[in-house]
Each structure stands twice: as structure tokens, then as C-alpha cells.
Amino acid sequence: MSLFSVFDITGSAMSAQSVRMNLTASNIANAQSLSSSDGEVYQARHPIFVAKDSDFSQSLSSEMNMFSGNANGAGVEVREIVESQRSGELRYEPDHPMADEKGYVQYPNVNIMEEMANMISASRSFQTNVDALETTTQMMERLLALGKG
């Protein structure tokens, strides 16, 4: 695995976490949105991540020298974005203009506590990858300094 492949791997991870953060923000923003029909109520959306190279761990162990070979395709990608199938919350609000004939209003299936946990996790994952990039950059700078010396 090349030292330069760290940039590709962490870049793909940062991109994936950005998608996750955007979806989480969208879910939180729509947590109280309503619709006039039950089928049009906002559904929480979540990304599905997959490894770009399922044999990455094998290639890593077979390449002991970090300056040889490459990790083409290594990293993570967003395979798809899925809508949660969990049912939304029904609240009894007979005076609400969006209430059905029984007086219930259907709210989105967004759980704010889960979304906040997702946001914290995405933020920390993103920061971890930033730290990995900074460390790699420092290693490369020190390697160049050794070459000068």
C-alpha cells in the first residue's frame, strides 16, 4: 500500500461522512414537517456504506513495505440512501388543520436522539480522518527532510 493511498482512503471516508452528516441534518430539519396525506409524510433517510475493496485487509498484510504497491479502490463509498421503514408517530391533535377524521396527525419517523447520535458519530469520524491526513502529511514532510539532510 502506497503512502499516497492514504489520501484516497481518508478522502473517500470524509466524503461518505459528509453525506451522512447532510442526511442527518435533513432528517432533523424535517422532524416536525407534516403532509396532508399519510403517504407523503417525510421518511428519515440513512446512507449505506460499503468498502470499495473487500480484499483490502489481505492486500495490506501482503504488502509490508508502505512505499510499494497501491491500494486502488480502497476506501469507503455510499452504496445507496435508504428511507426508514419505521412508522411515524401519530399524535392526537383534533384542532390541527392536518388532522384526519379521527383527530390524529401523522409526524415523520425521525427520532431526534438517534439523529443527534449519528451527527456526533459522523463528526468524530470526519475529524479522525482529518487527523490521519495531518499525520500522513507530517510523515511525508519528515521523510523529505531526511532526504535533504
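Above this text you will find the structure in question.
Remember, it's a predicted structure, so these values are computed and weren't measured experimentally. (Residues numbered from 1 in each chain as written. Predicted model: local features only at pLDDT ≥ 70, side-chain atom pairs only at ≥ 80, totals over all residues. Heavy atoms only, no water.)

Moving on, we get to the overall build of the protein chain. If you tally the helices and strands in the protein chain, you get 3 helices and 4 strands. Written out in order from the N terminus, the α and β elements of the protein chain read α-β-α-β-β-β-α. In the protein chain, which comprises 149 residues, the share counted as buried stands at 25%. Relative to all contacts within the protein chain whose residues are 6 or more apart in sequence, the contacts with residues 24 or more apart total 73%. Only carbon and sulfur atoms are counted for the fraction: they give 54% of the accessible area of the protein chain, which is about 9600 Å². (Helix = DSSP H or I, 4+ residues; strand = E, 2+ residues; numbered from the N terminus. Buried < 20%, exposed > 50% of the residue type's maximum accessible area, 1.4 Å probe, protein only. Contact = heavy atoms within 4.5 Å. Areas by Shrake-Rupley, 256 points an atom, 1.4 Å probe, with all protein chains shown as cover.)

Moving on to the packing of helix H1 (residues 5-29) against helix H3 (residues 112-148). Following both chains from N to C, one finds H1 and H3 inclined at 160 degrees, their axes separated by 9 Å at the closest point. The pairing of H1 with H3 is recorded here as roughly antiparallel in orientation. The handedness of the crossing between H1 and H3 comes out as left-handed. (Axes fitted to C-alpha atoms, helices over the stretch in contact; angles between N-to-C directions. Parallel < 35°, antiparallel > 145°, perpendicular 65-115°, else oblique. Left-handed = near helix turned anticlockwise from the far one by under 90°.)

Our focus in this paragraph is the packing of aromatic side chains. Scanning the entire structure with this criterion turns up 1 aromatic pair. Ring plane angle 65 degrees and centroid distance 5.3 Å describe the contact between Tyr92 and Tyr104, whose orientation is recorded as edge-to-face. Taken together, the residues Tyr92 in strand E3 (residues 90-92) and Tyr104 in strand E4 (residues 104-106) connect sequence positions 12 residues apart. According to the relative accessible area criterion, Tyr104 is partly exposed, its value standing at 34%. (Phe/Tyr/Trp six-rings, centres within 6.5 Å; stacked < 30°, edge-to-face > 60°.)

So, about the environment of Arg91. Within the secondary structure, Arg91 is located in strand E3. Under the relative-accessibility criterion, Arg91 is labelled partly exposed at 25%. In this structure the C-alpha to C-alpha distance between Arg91 and Tyr107, which are 16 residues apart in sequence, comes to 7.6 Å. Ignoring any residue separated from it by four or fewer positions in sequence, one finds Arg91 in contact with Gln32, Gly103, Tyr104, Val105 and Tyr107.

On to the pattern of salt bridges, then. The tally for this structure, following the rule as stated, stands at 4 salt bridges. Notably, a salt bridge pairs Glu77 with Arg79, separated by 3.9 Å at the nearest N-O pair. A relative accessible area of 54% means that Arg79 is categorised as exposed. Where Glu114 meets Arg86, a salt bridge forms, and the shortest distance between an N and an O atom there is 3.4 Å. Within this pair, whereas Glu114 is found in helix H3, its partner Arg86 is found in the loop between strand E2 (76-83) and E3, the two being separated by 28 residues in sequence. What makes Arg86 partly exposed here is its relative accessible area of 37%. (Salt bridge = Lys/Arg side-chain N within 4 Å of Asp/Glu carboxyl O.)

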